[in-house]
Amino acid sequence: MTEQTNTSDLVIGGAGFAGLALAIALVEALGPQFKVTVADPALGSAQSRDPRASAIAAAARRMFETIGVWQAVEPQAQPMLDMVITDSKLDDAVRPTFLTFEGEVAPGEAFAHMIENRHLVDALVAKAKELGIELRATAVSSFAYPQGAHAAPSRIDVLFADGGELSTRLLVGADGARSQIRERAGIVTYGWSYRQSGIVCTVAHERPHNGRAEEHFLPGGPFAILPLTGNRSSIVWTESTADAERYVALSDAGFHDELEKRFGLHLGEIEVVGPRRAFPLGLYTARTFIGERLALIGDAAHVIHPIAGQGLNMGLRDVAALAEAVADAARLGLDVGGRPVLERYQRWRRFDTAMMGIATDSLNRLFSNRSDVLRLARDIGLGLVERMPPLKRMFIHEAAGFTGDVPKLLKGEAL
Ligand SMILES: Cc1cc2nc3c(=O)[nH]c(=O)nc-3n(C[C@H](O)[C@H](O)[C@H](O)COP(=O)(O)OP(=O)(O)OC[C@H]3O[C@@H](n4cnc5c(N)ncnc54)[C@H](O)[C@@H]3O)c2cc1C
């Protein structure tokens, strides 16, 4: 890099939820003099084509509120008021309910809200622009340490696909499951593909869902009906990857028939609105979340099965933890990309991430299984949880994101 290379305090590769939320949290906490740059080729396209919607846990919602983003998306967010879980074969005439959750973590505060991804990303981009965060519509293509740097370089030089360069104290890889930043840093991942895909689409229905989420454990895998605003729901339908591809490729009428078999008729006539897409599912964790002047957050650090709707919520826990570690260091005049900051972040997040990976993996194995014996065992288990209110309360608290060592932003406290 040349003498005139531009500088930034922090560079984030990836403008998904994790990258944008981190940039906003830091500039809100440290002011515009703390220069943050976010780069992502997707920033160049006018509209997100992501058909997914996400369950935003109460803790993550508090963080969005604290960083001034929730206010913009609230009209498009549907509170999840209760949840019903059933376990049956596809052709069973009735699906007995094994578990119900009614979900408020505090009076008037739902344990989760459903929101379409495109609305949330739009609101995050608008907030980042309002705060003067530099947004570059290009990819991070590589990075290097200044020539002559010894064991602990004081900066990292970031190169972009458009030919631009920036020298910074910390590069954050928020570039998703197939993170090139992680790969370039030589950080390997552990894990496996489930050979399952989640078919995602939005459905309009005749009758209101009344804020109820449904998870039907069918032999092919979990089938979730998640309430959106209006008489609409978001579907996450798990099948083996081969079957998922076959269903997605069906004619509109054929897809509707297969969907209706699983959805049922309790909400009246259904109609698929918008695109349908299958997302391959896997469980991956990066061997380390940190490198030399480098941190990984969100799906770049870990990917889990969407069975419990927790992937993004885990990424937002990374955001809250890293933002707190960086803001604390900056206020003390310490190096924001130094080892102590990165190690504090990694200690905070790795154990929790491993636990969530194991929990979602076990749930998926237990429920994506055609064995009648296993089915009996899990139905007894669900029935027991149903009869134990304290256990149910614990699950609601876990789903809301309030267990463990919760970073400030997730408690709704400013940094
Ligand atoms: C079917 C399905 C349903 C889900 N439902 C839920 C749910 O209900 N609740 C929940 O909490 N989670 C859910 N998840 C998980 C959630 O969607 C992800 O965890 C979340 O999107 C990850 O966000 P991210 O910001 O880490 O990465 P991403 O959203 O993948 O963003 C990464 C960004 O990086 C950019 N990028 C890539 N390479 C580069 C590069 N070299 N330089 C710069 N930018 C780059 C990409 O363009 C992209 O914009 C679900 C996942 C699936 C598959």
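This report concerns the structure included in the present document. (Residues numbered from 1 in each chain as written. Predicted model: local features only at pLDDT ≥ 70, side-chain atom pairs only at ≥ 80, totals over all residues. Heavy atoms only, no water.)

Counting its secondary structure elements, the protein chain contains 11 helices and 21 strands. Looking at the protein chain residue by residue over its 415 residues, the buried ones come to 53%. (Helix = DSSP H or I, 4+ residues; strand = E, 2+ residues; numbered from the N terminus. Buried < 20%, exposed > 50% of the residue type's maximum accessible area, 1.4 Å probe, protein only.)

What holds strands together in a sheet is hydrogen bonding between their backbones, with the strands either parallel or antiparallel. Pairing in this open sheet of 3 strands is antiparallel, and the strands run β3-β9-β4 from one edge to the other. Across the chains shown, the open sheet's two edge strands, defined by having one partner strand only, are β3 (53-57) and β4 (78-79). In this sheet, strand β9 (residues 112-116) lies alongside β4 in antiparallel orientation, the contact comprising 2 bridges. Note that in β9 the partner of Gln78 across the bridge is Met114. The strands touched by helix α4 (residues 117-130) are β3 and β9; relative to β9, the strand with the most contacts, the crossing angle is about 85 degrees. (Pairing = 2+ DSSP bridges. Contact = heavy atoms within 4.5 Å. Axes fitted to C-alpha atoms, helices over the stretch in contact; angles between N-to-C directions.)

Within strand β17 (residues 232-240), 7 of the 9 residues are buried, leaving the element largely enclosed by the surrounding structure. Looking at chain direction, strand β14 (residues 189-205) and β17 are connected through 9 bridges and run antiparallel. Opposite Ser197, over in β17, you have Glu239 as the bridge partner. Where strand β16 (residues 221-228) lies against β17, 6 bridges are found, and the strand directions are antiparallel. Across the sheet, Ile225 pairs through a bridge with Ile235, a residue of β17. The turn linking β16 back onto β17 is made up of 3 residues, and Gly230 within it adopts a positive phi angle of 75 degrees.

For the structure on display, the rule yields 3 aromatic pairs. Relative to Tyr247, the ring of Trp237 has its centre 5.0 Å away and its plane inclined at 35 degrees; by these criteria the two rings are tilted. Taken together, the residues span a long stretch of sequence, with Trp237 in strand β17 and Tyr247 in helix α6 (residues 241-248) at a distance of 10 residues. Summarising the burial analysis for this pair, Trp237 and Tyr247 share the class buried. Ring geometry for Trp237 and Phe255: centres 5.7 Å apart, planes at 35 degrees, overall tilted. Highlighted residues: Trp237 in strand β17 and Phe255 in helix α7 (residues 252-263), separated in sequence by 18 residues. The same class applies to Trp237 and to Phe255, which are both buried. The ring of Phe255 has Arg276 sitting right over it, with the charged end atom 4.4 Å from the ring centre. The cationic tip of Arg350 hangs over the ring face of Phe289; the distance from NZ or CZ to the ring centre is 5.0 Å. (Phe/Tyr/Trp six-rings, centres within 6.5 Å; stacked < 30°, edge-to-face > 60°. Lys NZ or Arg CZ within 6 Å of the ring centre and 35° of its normal.)

Between helix α2 (residues 58-66) and helix α8 (residues 311-331), the shortest axis-to-axis distance is 10 Å and the interhelical angle comes to 45 degrees. Relative to α8, the element α2 lies oblique. Note that α2 runs across α8; the crossing there is left-handed. Residues Ala60, Met63 and Phe64 of α2 touch α8, and the partners they reach there are Asn313, Leu316, Val319 and Ala320. (Parallel < 35°, antiparallel > 145°, perpendicular 65-115°, else oblique. Left-handed = near helix turned anticlockwise from the far one by under 90°.)

This next bit is on the site of the ligand. Lining the immediate environment of the ligand, one finds 28 residues, of which Asp40, Ala55, Val140, Asp299 and Leu312 sit closest. At a separation of 3.0 Å, an oxygen atom of the ligand approaches a polar backbone atom of Ala18. Interatomic distance of 3.4 Å between a backbone N/O atom of Gly311 and a nitrogen atom of the ligand. Considering the ligand on its own, with 1,000 Å² of exposed area, one finds that the protein chains cover 85% of that surface. Secondary structure elements with two or more residues in the shell around the ligand: α1 (17-30), β3 and α8. Among the elements that take part in the shell around the ligand, α8 stands out by supplying 3 residues, more than any other. (Near = heavy atom within 4 Å. Polar contact = N/O pair within 3.5 Å; in protein donor to acceptor, adjacent residues only side chain to side chain. Areas by Shrake-Rupley, 256 points an atom, 1.4 Å probe, with all protein chains shown as cover.)

Below, the discussion takes up unusual backbone geometry. Positive phi, close to 55 degrees, is recorded for Asn210, a residue that is not glycine. The residue Asn210 is located in the loop between β14 and β15 (212-218) in this model. A positive phi is found at Arg293, a non-glycine position, where the angle reads about 55 degrees.

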